[in-house]
Amino acid sequence: MDYINANIFFKLKKTFRYCLMYGIKRTFVKIKGQYHMSKNFKILPTNNLKRNQKLSNVGIVGCGNFAFSNIAYYINSYRRNLIRTVMDIDVNKAASLFKEYDCMSYTDDFNIILNDSKITKVFIASNHSTHCDYASRCIQVGKDVHIEKPHVVSKSQLNNLIESALSNKGVNIFLGFNRTKSKLYKILKNYLNKEKGPMMINWFIAGHAIEDDHWYFRPEEGGRVLGNLCHWTDLTLDMIGVINAFPCKVTAISGIDAKSDFVISYLFADNSCATISFSAKGHTFEGVREVLNIHRGNLLGKLTDFHKLEIDINDFKRVFKNFYRDHGHKSNIINSLKSKNGEKLEYVNATAKLFLASKEAIESGKTITIKNNNFFD
């Protein structure tokens with residue numbers, strides 16, 4: 001939906017509601033992010049090469065709304081002057097992010113970041129089909145990478161990413177699946193780990209409707225499964241655990257020519273079952289809505305919009321609430337910024353196999369079996 005050209009009453013209601021959900025500062029940067037996306041400079045700004053360069057070791061590739069309102073925002077909030085160079089094929093977006101966060105330089109040439117030895121960590125948030133190529137090239141020259149979802153869009157890309165990582169073992173890979181870092185999910189996971197046996201997991205997600213000509217739907221970009229649903233396949237995998245997941249059967253149903261509405265079920269090796277229902281039929285005023293219901297042992301859990309968590313275990317009942325919604329963006333980005341230990345390659349491989357199989361199941365109408373988590377299978 002075009003928020004910038006909406007009527008003033010809609011904008012005021014939206015702003016007020018988001019202030020209640022995210023706080024004033026986050027709402028303000030989300031609004032600025034909308035205007036950032038349509039920014040065009042009559043005269044492009046000058047690079048800030050005289051700025052103190054000692055702390056600047058971060059590069060950002062892809063300067064869209066997510067990079068503007070999440071990646072750069074949280075890096076700059078953690079410590080100013082860390083962002084050295086930002087890059088986008090649309091130089092106006094790179095220039096806009098550069099100005100907002102007082103970066104050292106901006107460019108539309110990826111090689112500037114690739115060949116800068118002072119950049120040691122690169123956050124990649126470009127179009128989905130380009131993530132793997134940018135990441136692999138960074139890895140090959142020894143740079144750590146944070147790859148926003150999805151990290152690959154095909155099995156061949158996954159093989160290339162794993163091969164690059166295995167050939168450069170000192171380099172760290174971090175992924176943009178932020179929900180596992182959220183406060184309420186960590187509490188839920190702690191309770192789940194105290195129970196035994198298989199799980200019954202049910203997700204319902206109401207996402208934004210997007211136009212048929214949206215770039216998500218280009219054949220090379222992976223559609224809604226790789227653009228959105230991979231968040232919840234990843235979170236489901238985290239609950240099950242990679243070691244318990246495979247072999248895994250994936251079955252999907254969707255309407256004829258439905259690009260954004262589908263139901264996918266999973267049967268994991270430990271007999272856990274999961275269902276993810278994704279619906280995008282109209283505008284969701286409060287953003288993506290998501291509800292998890294889960295049952296394991298004596299535990300019944302319900303997580304709503306990463307704002308409220310309900311736990312029932314026999315006669316014990318507890319409700320946890322955040323003041324604001326917390327999807328784990330800040331924790332995940334800061335973790336990628338600070339940590340010296342990236343993701344295990346087994347996990348990088350497994351979470352990609354699961355969302356790629358989900359896409360294949362929807363497109364083929366067949367049950368897809370992921371036999372194992374071997375590399376290059």
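Report on the accompanying structure. (Residues numbered from 1 in each chain as written. Predicted model: local features only at pLDDT ≥ 70, side-chain atom pairs only at ≥ 80, totals over all residues. Heavy atoms only, no water.)

With six bridges connecting them, strand β12 (residues 299–304) and strand β13 (residues 308–313) associate as antiparallel partners. Within β13, the position partnered with G301 by the bridge is I311. Taken together, β12 and the strand that follows it, β13, pair antiparallel across an intervening segment of three residues, in which D305 is found at a positive phi of about 55°. Where β13 lies against strand β14 (residues 316–321), six bridges are found, and the strand directions are antiparallel. Of the residues in β14, the one forming a bridge with E310 is V319. (Pairing = 2+ DSSP bridges. Helix = DSSP H or I, 4+ residues; strand = E, 2+ residues; numbered from the N terminus.)

The next point concerns the pattern of salt bridges. Counted under the stated rule, the structure contains 13 salt bridges. One salt bridge in this structure joins R17 and E286, with 2.8 Å as the shortest N-O distance. Taken together, the residues span a long stretch of sequence, with R17 in helix α1 (residues 8–22) and E286 in the loop between β10 (273–279) and β11 (289–296) at a distance of 269 residues. Given the relative accessible area of 16%, E286 is considered buried. Between K93 and D90 there is a salt bridge, and its shortest N-O distance comes to 3.0 Å. On the accessibility criterion, K93 (16% relative accessible area) is buried. Residue classification places D90 among the partly exposed residues on the basis of a relative accessible area of 27%. The network of salt bridges with shared partners includes R17, E286, R289, D305 and R325. (Salt bridge = Lys/Arg side-chain N within 4 Å of Asp/Glu carboxyl O. Buried < 20%, exposed > 50% of the residue type's maximum accessible area, 1.4 Å probe, protein only.)

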